[in-house]
Amino acid sequence: DDVRVRFGEVTAVDGVSLDLMPGEILGLVGDSGCGKTTLARVIVGLERPERGRVFLDGEDLLALPGARRREVRRRVQLVFQDPESSLSPRVTVGRTLEEPLQIAGMGNRSERVARVGELLELVGLPAAFAQRHPRALSGGQRQRIGVARALAPAPDVLVCDEPVSSL
């Protein structure tokens, strides 16, 4: 609601308000540099706006205390535009997909490992990819891992920043 983000003298987003109902899909279209990615980062809590609020089920996500913010964060996930910079080269695919589940307190170790296999299958990759590192994957395969990571904690809102750009 009425989100504004400035970087120094540059206004990246100004007065943007959106409503999204359960089951709806909303697409933002605009020129490169018009603020789409910045708005996505505000929605998922990676960027703080100068002005405005982000609500999920009536709760202002930007005003939540730390513990509650972490609890709610699993409900809003982001598929990043650039899989190269959003995946750690030192961490296996399996660990990358398991981490959001662990942070959200979802399942025990064996249940999380099973969920990793399900996620890989969901995005069309074999379970053996869990043992690989991102550097051993193509750009399209890395993007699929980014999609799987965002889907891992079963979010209520999935924000996609050009999710098929590398496919």
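Residues numbered from 1 in each chain as written. Predicted model: local features only at pLDDT ≥ 70, side-chain atom pairs only at ≥ 80, totals over all residues. Heavy atoms only, no water.

Engineer: Describe the overall build of the chain, naming the residues involved and giving the relevant values.
Structural biologist: Helices and strands together make up the secondary structure of the chain, namely six helices and six strands. The secondary structure elements of the chain, listed N-terminal to C-terminal, are β-β-α-β-β-α-β-α-α-α-α-β. A principal-axis box enclosing the C-alpha atoms of the chain has dimensions of 45 × 35 × 30 Å. Expressed as a percentage of the 167 residues in the chain, the buried residues total 35%. Relative to all contacts within the chain whose residues are 6 or more apart in sequence, the contacts with residues 24 or more apart total 61%. For the chain, the exposed area adds up to about 9,800 Å²; of that, 51% sits on carbon and sulfur atoms. On the chain, the mean spot of the 23 positive side-chain charges and the mean spot of the 23 negative ones are 7 Å from each other. (Helix = DSSP H or I, 4+ residues; strand = E, 2+ residues; numbered from the N terminus. Buried < 20%, exposed > 50% of the residue type's maximum accessible area, 1.4 Å probe, protein only. Contact = heavy atoms within 4.5 Å. Areas by Shrake-Rupley, 256 points an atom, 1.4 Å probe, with all protein chains shown as cover. Lys, Arg positive; Asp, Glu negative; His and termini not counted. Charge placed at Lys NZ, Arg CZ, Asp CG, Glu CD.)

Engineer: Describe the packing of aromatic side chains, naming the residues involved and giving the relevant values.
Structural biologist: Under the criterion given, the structure shown has zero aromatic pairs. Over the face of the ring belonging to phenylalanine 129 we find arginine 132, whose NZ or CZ atom lies 4.0 Å from the ring centre. (Phe/Tyr/Trp six-rings, centres within 6.5 Å; stacked < 30°, edge-to-face > 60°. Lys NZ or Arg CZ within 6 Å of the ring centre and 35° of its normal.)

Engineer: Before we move on, can you summarise the environment of leucine 64 with the specific residues and values?
Structural biologist: In this fold, leucine 64 is placed in the loop between strand E4 (59-60) and helix H2 (66-73). For the pair leucine 64 and arginine 75, spaced 11 residues apart in sequence, the C-alpha to C-alpha distance is 14 Å. Apart from the residues within four sequence positions on either side, leucine 64 is in contact with Glu59, Arg69 and Val72.

Engineer: Could you give an account of the packing of helix H5 (residues 109-122) against helix H6 (residues 139-151), naming the residues involved and the relevant values?
Structural biologist: Running from N to C, H5 and H6 point in directions that differ by 130 degrees, and their axes come no closer than 9 Å. Taken together, the axis directions place H5 and H6 in an arrangement best described as oblique. Note that H5 runs across H6; the crossing there is right-handed. Contacts from Arg115, Leu119, Leu120 and Leu122 in H5 reach Ile145, Ala148 and Leu151 in H6. Here the residues of the contact of H5 with H6 sort into six nonpolar, no polar and one charged. (Axes fitted to C-alpha atoms, helices over the stretch in contact; angles between N-to-C directions. Parallel < 35°, antiparallel > 145°, perpendicular 65-115°, else oblique. Left-handed = near helix turned anticlockwise from the far one by under 90°. Nonpolar A, V, L, I, M, F, W, Y, C, P; charged D, E, K, R; others polar.)

Engineer: Please provide a residue-by-residue account of unusual backbone geometry, values included.
Structural biologist: Negative phi is the rule for most residues except glycine; trans is the rule for most peptide bonds. In this structure, aspartate 2 takes a positive phi of about 55 degrees despite not being glycine. Looking at the element boundaries, aspartate 2 is found in the segment before strand E1 (3-7). We classify aspartate 2 as partly exposed; its relative accessible area is 31%. With a phi close to 50 degrees, aspartate 57 is a non-glycine residue in the positive phi region. The residue aspartate 57 is located in the loop between strand E3 (55-56) and E4 in this model.

Engineer: An account of a positive patch on the surface is needed here, citing residue identities and associated values.
Structural biologist: Taken together, the side chains of Arg48, Arg69, Arg70 and Arg73 define a basic patch exposed on the protein surface. Inspection of the secondary structure assignment puts arginine 73 in helix H2. We classify arginine 73 as partly exposed; its relative accessible area is 33%. (Patch = residues over 30% accessible without salt bridge, like charges linked within 9 Å, V, L, I, M, F, W, Y side chains within 5 Å. Salt bridge = Lys/Arg side-chain N within 4 Å of Asp/Glu carboxyl O.)

Engineer: Give a description of the pattern of salt bridges that names residues and reports values.
Structural biologist: If you walk through the whole model with that rule in mind, you get 16 salt bridges. A salt bridge links arginine 51 to aspartate 2; the nearest nitrogen and oxygen atoms lie 3.0 Å apart. Here the residue arginine 51 occupies a position in the loop between helix H1 (36-43) and E3, and aspartate 2 occupies one in the segment before E1, the gap between them amounting to 49 residues. Notably, a salt bridge pairs arginine 75 with aspartate 57, separated by 2.4 Å at the nearest N-O pair. Remark: aspartate 57 occurs in the loop between E3 and E4 and arginine 75 occurs in the loop between H2 and strand E5 (76-79); sequence separation between them is 18 residues.

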